[in-house]
Amino acid sequence: MASLEKNRQILISISTEPKNNACADCGEMDPDWASCNIGVFLCTKCAGIHRNLGSHISKIKSLRLDNWETHQVEFMRQNGNQVAKEKYEKHVPLFYRQPGPNDPDVVREQWVRAKYDRKEFVQENGVSYLQGGIKEGFLHKRRKDDNKFQLRRFLLNEHDYTLRYFVNENKEPKDVIAVMDMNACFCAGKMGIPNALQITYTKDGSTRCLYLYTEDGKVEEKSILISLST
């Protein structure tokens, strides 16, 4: 028991080093968790997302509540956040949205899965974000007349840099929005809904807003939100 307590104290000391004293994924200070097989120190929220990946990808332990074997502590010492960053973030595109401590869970989860599950940034040009230049999916859109949400199909087109949304699948899009002329930001606090996004753009001389969200966590739907917010 004495050796386990000593290991715990050594590990906590390692976590306070400047290269490790912030969450490896969102930058939250003073992490209380770690992935003992990746070698990174994490905040509570990011640790929860890691746990959802499965222990075959990331095995999560508490710095203070769990027992740490000597070889695990040594692994954390030899690796840590900086070493992992050099490996897993080596080729992050300049446009990619990286989460901060106050960002919604949708941003954190997309980032964590891209880094450790899909390993998108390990190799240069390792992934295409819009397969064939197109990304589409269904998002809940708030109606103007009664503020109720309905599923609508959205299509993000890299070829002409537009976002289209459809009310009827068999008709032309309800609107075609130039990506360069719109502003998109997450607004979970404003709408009271997780994974909510506000899109603002100008049409016919007036400002218009779309309020969107996704609830079931599908990667395709989340990716549209992430792509629009970058």
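Up top is the structure.
Residues numbered from 1 in each chain as written. Predicted model: local features only at pLDDT ≥ 70, side-chain atom pairs only at ≥ 80, totals over all residues. Heavy atoms only, no water.

A. Focus on the packing of aromatic side chains. Inspection of the entire model under this criterion finds 4 aromatic pairs. The interplanar angle of 80° and the centroid separation of 5.0 Å between the aromatic rings of F149 and Y213 together place this pair among those described as edge-to-face. Of this pair, F149 sits in strand 5 (residues 149-157) while Y213 is found in strand 10 (residues 206-213), placing the two residues 64 residues apart along the sequence. Here the aromatic rings of F154 and Y165 are separated by 5.5 Å at their centres, their planes lie at 25°, and the arrangement is stacked. Here the residue F154 occupies a position in strand 5, and Y165 occupies one in strand 6 (residues 162-166), the gap between them amounting to 11 residues. The burial state of F154 is the same as that of Y165; both residues are buried. When the ring centre of W68 is taken as reference, the NZ or CZ atom of K61 above it lies at 4.8 Å. Sitting above the plane of the F166 ring, R153 keeps its charged end 4.4 Å from the centroid. (Phe/Tyr/Trp six-rings, centres within 6.5 Å; stacked < 30°, edge-to-face > 60°. Helix = DSSP H or I, 4+ residues; strand = E, 2+ residues; numbered from the N terminus. Buried < 20%, exposed > 50% of the residue type's maximum accessible area, 1.4 Å probe, protein only. Lys NZ or Arg CZ within 6 Å of the ring centre and 35° of its normal.)

B. Layout of the nonpolar core. Ranked by size, the top nonpolar core spans 17 residues in total, and within it C23, V40, L42, C46 and Y116 carry the most contacts. Within the residue set of this core, elements represented by two or more residues are strand 2 (40-42), helix 2 (44-53), helix 4 (80-88) and helix 5 (105-117). Here this core gets 4 residues from one element, more than from any other, and that element is helix 2. Counting 16 residues, the second-largest nonpolar core is a separate cluster that includes I177, A184, L197 and Y201. (Core = buried A, V, L, I, M, F, W, Y, C linked by side-chain atoms within 4.5 Å.)

C. Structural view of helix 3 (residues 70-78). Among all positions of helix 3, only Q72, V73 and M76 are buried. Looking straight down helix 3, one finds that the buried residues subtend no more than 100° of arc, so they occupy a single side. In helix 3, those exposed residues whose orientation departs by more than 90 degrees from the buried face are T70, H71 and Q78. Directly beyond the C-terminal end of helix 3, a positive phi value near 85° is found at G80. (Arc of directions from axis to C-beta.)

D. Fine view of the pattern of salt bridges. By the definition in use, this model includes 15 salt bridges. Linking E74 and R77 is a salt bridge whose minimum nitrogen-to-oxygen distance equals 3.3 Å. Taken together, the residues span about one helical turn, with E74 and R77 both in helix 3 at a distance of 3 residues. Through salt bridges with shared partners, one network takes in D25, K85, E89 and K115. (Salt bridge = Lys/Arg side-chain N within 4 Å of Asp/Glu carboxyl O.)

E. Structural detail: unusual backbone geometry. The phi torsion at N147 lies on the positive side, around 65°, for a residue other than glycine. Positive phi values are uncommon outside glycine, yet Y161 reaches one of about 55°. Tracing the chain through its elements places Y161 in the loop between strand 5 and strand 6.

F. Spotlight on the environment of N81. Counting through the fold element by element, N81 comes out in helix 4. On the basis of relative accessibility, which here comes to 8%, the residue N81 falls in the buried class. On a C-alpha basis, the gap between N81 and N20 in space is 5.5 Å, while along the polypeptide they are 61 residues apart. With near-sequence residues (within four places) excluded, N81 lies in contact with K19, N20, A22, C23, A24, G39, V40 and F41. (Contact = heavy atoms within 4.5 Å.)

G. Looking closely at the sheet that holds strand 7 (residues 175-178). Strand order in this open sheet of 7 strands is 7-6-5-4-10-9-8, and the pairing throughout is antiparallel. Sheet topology places strand 7 and strand 8 (182-186) at the edges, where each strand pairs with a single neighbour. Neighbour-to-neighbour, the strand axes of the sheet open up by a mean angle of 35°, direction not taken into account. (Pairing = 2+ DSSP bridges. Axes fitted to C-alpha atoms, helices over the stretch in contact; angles between N-to-C directions.)

H. Just the layout of surface pockets, in detail. Considering only enclosed or pocket space, the second largest pocket measures out at about 340 Å³ in volume. Around the second largest pocket, the lining comprises 16 residues; the ones closest to its centre are K141, K144, Y165, K174 and L210. The element contributing the most residues to the lining of the second largest pocket is strand 10, with 3 residues. (1 Å grid on protein atoms, 1.4 Å probe; cavity = no way out; pocket = protein on both sides within 12 Å on 5 of 7 lines; lining within 4 Å. Points joined across faces, edges and corners; volume = space filled by probe spheres on them.)

This is a description of form; function is not addressed.
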